[in-house]
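Chain residues, written in single-letter form:
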Amino acid sequence: MTSEQLDQLSINTIRTLSIDAVQQAKSGHPGTPMALAPLVYTLWNRVMRFDPVDPIWPNRDRFVLSNGHASMLLWSVLHLTGTQAVNADYERLGLPSVSLDDIRRFRQLDSKAPGHPEYHWVSGVETTTGPLGQGVATSVGMAIAQKWLANRYNRPGFDVFDYHVYAVCGDGCMMEGVASEAASLAGHLGLDNLCWLYDNNHITIEGNTRLAFTEDVATRFLGYGWNVLRVGDANDVDRIEHALEVFRQTTGRPTFLIVDSHIGYGSPHKQDTAAAHGEPLGEDEVRLCKRSYGWPEDAKFLVPDGVREHFTAGVGTRGAEARRRWTELFAAYRAKHPELANEVELMQRRELPAGWDRNLPVFPADAKGVAGRDASGQVLNVLAQNVPWFLGGSADLGPSNKTTLKYEGAGDFQANTPGGKNLHFGIREHAMAATVNGLVLSKLRAFGATFFIFSDYARPAIRLAALMELPSIFIFTHDAMGDGEDGPTHQPVEQLLSLRAIPGLVTLRPGDANEVVEAYRVVMQMHHRPAVLALSRQPLPTLDRTKYASASGVARGAYVLADAPGGKPEVILIASGSELSLAVATHEQLRVEGIRARVVSMPSWELFDEQPHEYRDGVLPPEVTARVAVEQGSTLGWERYVGPRGHVIGMKTFGASAPLKELQKKFGFEPERVAAVARSLLALR
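The following refers to the structure shown. These numbers come from a predicted model, not from an experiment.

Another point: the overall build of the protein chain. The helix and strand inventory of the protein chain stands at 24 helices and 22 strands. For 685 residues, the compact-globule formula gives about 26 Å, and the C-alpha radius of gyration of the protein chain, at 28 Å, lands near that figure. Overall size of the protein chain, expressed as C-alpha extent along the three principal axes, is 90 × 60 × 45 Å. Within the protein chain, the proportion of its 685 residues that are buried is 62%. Within the protein chain, counting contacts between residues at least 6 apart in sequence, those at least 24 apart form 76% of the total. Across the protein chain, the centroid of the 68 positively charged side chains sits 4 Å from that of the 78 negatively charged ones.

Here we come to the packing of aromatic side chains. Enumeration according to the criterion identifies 25 aromatic pairs in this entry. On the numbers, 4.8 Å between centres and 55° between planes, the contact of tryptophan 196 with tryptophan 226 is tilted. Taken together, the positions of tryptophan 196 in strand β5 (residues 194-200) and tryptophan 226 in the loop between α8 (217-224) and β8 (227-231) put the pair 30 residues apart, joining distant regions of the chain. Tryptophan 226 gets classed as buried once you look at its relative accessible area, which sits at 0%. The interplanar angle of 15° and the centroid separation of 6.1 Å between the aromatic rings of phenylalanine 451 and phenylalanine 454 together place this pair among those described as stacked. You'll find phenylalanine 451 and phenylalanine 454 in the same group, each marked buried. For the cation-ring pair, lysine 112 lies above tryptophan 121, with the distance from its terminal atom to the ring centre recorded as 4.8 Å. Between arginine 556 and the ring centre of tyrosine 615, over which it is positioned, the NZ or CZ distance is 3.8 Å.

Quick look at unusual backbone geometry now. With a phi close to 65°, histidine 202 is a non-glycine residue in the positive phi region. Relative to the assigned elements, histidine 202 resides in the loop between β5 and β6 (203-204). For histidine 202, a relative accessible area of 41% corresponds to the partly exposed category. Here the phi dihedral of glutamate 469 falls at roughly 60°; this positive angle occurs in a residue that is not glycine. Positionally, glutamate 469 belongs in the loop between α16 (455-468) and β14 (473-477). Glutamate 469 sits in the partly exposed class, given a relative accessible area of 39%.

What follows covers the nonpolar core. For soluble globular proteins, nonpolar side chains are generally found buried alongside one another. In terms of nonpolar packing, the biggest core is built from 169 residues, with Tyr153, Met174, Trp196, Leu573 and Ile574 touching the most fellow members. When residues of this core are assigned to their parent elements, the largest contribution, 10 residues, is made by helix α5 (residues 134-153). Among the nonpolar cores identified, the runner-up in size contains 60 residues, and Ala37, Ile103, Val231 and Trp295 belong to it.

This part is about the packing of helix α1 (residues 3-25) against helix α3 (residues 71-81). With their axes 9 Å apart at the nearest point, α1 and α3 run at an angle of 125° to one another. What the angle tells us is that α1 and α3 run oblique. Considering the relative orientation of α1 and α3, their crossing is right-handed. In this structure, α1 uses Thr13, Ile14, Leu17, Ser18 and Ala21 to contact α3, whose residues at the interface are Met72, Leu73, Ser76 and Leu80. Of the residues contributing to the contact of α1 with α3, the split by class is 6 nonpolar, 3 polar and no charged.

Once that is clear, we can look at the sheet that holds β8. Strands sit in the order β1-β4-β5-β9-β8 across an open sheet of 5 strands; the sheet is parallel. Strands at the two margins of the open sheet, each flanked by one partner only, are β1 (62-65) and β8. Ignoring strand direction, the axes of neighbouring strands in this sheet form an average angle of 20°. In terms of strand pairing, β1 meets strand β4 (residues 165-169) through 4 bridges, oriented parallel. The residue of β4 that forms the bridge with valine 64 is alanine 167.

Our focus in this paragraph is the environment of glutamate 4. Mapping glutamate 4 onto the fold places it in helix α1. Sequence separation between glutamate 4 and valine 237 is 233 residues; the distance between their C-alpha atoms is 9.8 Å.

Conventions we followed
- Residues numbered from 1 in each chain as written.
- Predicted model: local features only at pLDDT ≥ 70, side-chain atom pairs only at ≥ 80, totals over all residues.
- Heavy atoms only, no water.
- Helix = DSSP H or I, 4+ residues; strand = E, 2+ residues; numbered from the N terminus.
- Rg over C-alpha atoms; globule rule 2.2 N^0.38 Å.
- Buried < 20%, exposed > 50% of the residue type's maximum accessible area, 1.4 Å probe, protein only.
- Contact = heavy atoms within 4.5 Å.
- Lys, Arg positive; Asp, Glu negative; His and termini not counted.
- Charge placed at Lys NZ, Arg CZ, Asp CG, Glu CD.
- Phe/Tyr/Trp six-rings, centres within 6.5 Å; stacked < 30°, edge-to-face > 60°.
- Lys NZ or Arg CZ within 6 Å of the ring centre and 35° of its normal.
- Core = buried A, V, L, I, M, F, W, Y, C linked by side-chain atoms within 4.5 Å.
- Axes fitted to C-alpha atoms, helices over the stretch in contact; angles between N-to-C directions.
- Parallel < 35°, antiparallel > 145°, perpendicular 65-115°, else oblique.
- Left-handed = near helix turned anticlockwise from the far one by under 90°.
- Nonpolar A, V, L, I, M, F, W, Y, C, P; charged D, E, K, R; others polar.
- Pairing = 2+ DSSP bridges.

Next up, the structure:
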């Protein structure tokens, strides 16, 4: 065969594998793989630096399939390139990432070809995608990471990090607001290492895009400051390759490549229709499609001779050579710059440098206290100096979240200063959270911050961080009623509970400055879990740890902070965050009355629930049924800790606009109210 014939054979293999997999599963999206097979083939086999033998090689190009419903594109190319599986310990297993049998079992239980790309499940997937817009937004974080890594680690003659980031997207991504936020940020930062490839097929589930989407997308991206290119025929692999070369030569701007395509290409009755989007073609139409490709009509899951070898000669050879050169380069780099090389290696394993927690503040007892956000700011500035690859920022709220890194040399990340550690996301919470995930996927330790009420805007990316098992850090301040006069629009009620409901996410609501420190100590040591910190705006009393238990108990999610004489309480007071000092004040009041009370600080339900049964019973003895939980949030869920005979003092309505003390009185967050509830429970025994 000629090279051109092998190209077409490989493209049609991707198409037919996708068609067959969707048809066999009786579920899926065949139209986009049929349309974009030439684009993905060209990118992978002619352009990308990716070694299938080592899919986590640090300087590989990144590929993001933002329109994740077209996952068969990715499963086909991972299979045909022979990409190898890597486990959670970064060990190569000598097995294919996606086997042909996985493709035959597309969308079935335990197949490595699930319905959408899943980062933690399949090697070669750079990020989980499916919720439209998330992939392209995450790719912005990956591009920022490359710029930052290159600035810190590249040296003359040693371009250790110079990879590119490619993200395929469609009309759905273009309509989602998160993509607009991310594109605006990328244009501002001049991320010339980033290329979005837009599948312009004019079809969505409901029909032609003119039903709801008639804007000039090209002009929009020109307005964002992107370089806009166009390929008028998705089947023209030479034009696609040329456009990608133009991208690599472009400086100072990200590239938006519009590729005009025909969804369901080759289907006589469904091409350019919504019928090709989200359902199998049907057996008769499958045969007609294969006939149009010159394919054996009754063959299923056919990989013709020469196709795998063609990919090996393309991306396989090119990627292996690029990795070999990089490995030799890095060996020389290690000899000349051993400290920097050590940082790179630690980072790749998600480990922390020696002494990462040195100089963390210890706060003295203080009745007036320190706001959670202020204590957090002090900790962040220490961590960012101790951990070179720790960075982050806020959605335009740095001065209020106290997340600004102020030490000498911290700097701002901008187009002309890519080594800055302060990221300015602008008022773009949704894109901020996805960008943080992209940074963490690139092995940096990153945080994003805003007011707790706006966690709603960031929630989709937080959920994906949990799904991907990423150690992303999300910092939320103004965690309850502390902003008082701003009123219910800025006072979170249900947000704390809703984040606790996300599997795999660790939510921490520390009760004083020293608990804030310990919360960060816990979070920084997580390798595969994201964390949320909910911090107060107002000062919280710093508890006297010579009188009360050490804040190190935060690591176990809940601990006995103050106890009755002999450790035999009549009533247990449980609290988190700003209500912890309220529980302590109630404890002291009850002690004067001769009532034996225990105070349990519970900053994290998740961490506490993971403790051994004996520990949990030691903190919350089953025989003590008089229990009061106090938290300025939804009461849902607390019943598991207070039991059927306990009581929860929380929020069952929205808040109000008033000074904090008036709000605390109105909603019953005062020692007298908590003590009265405790007495009433004891009276019922």
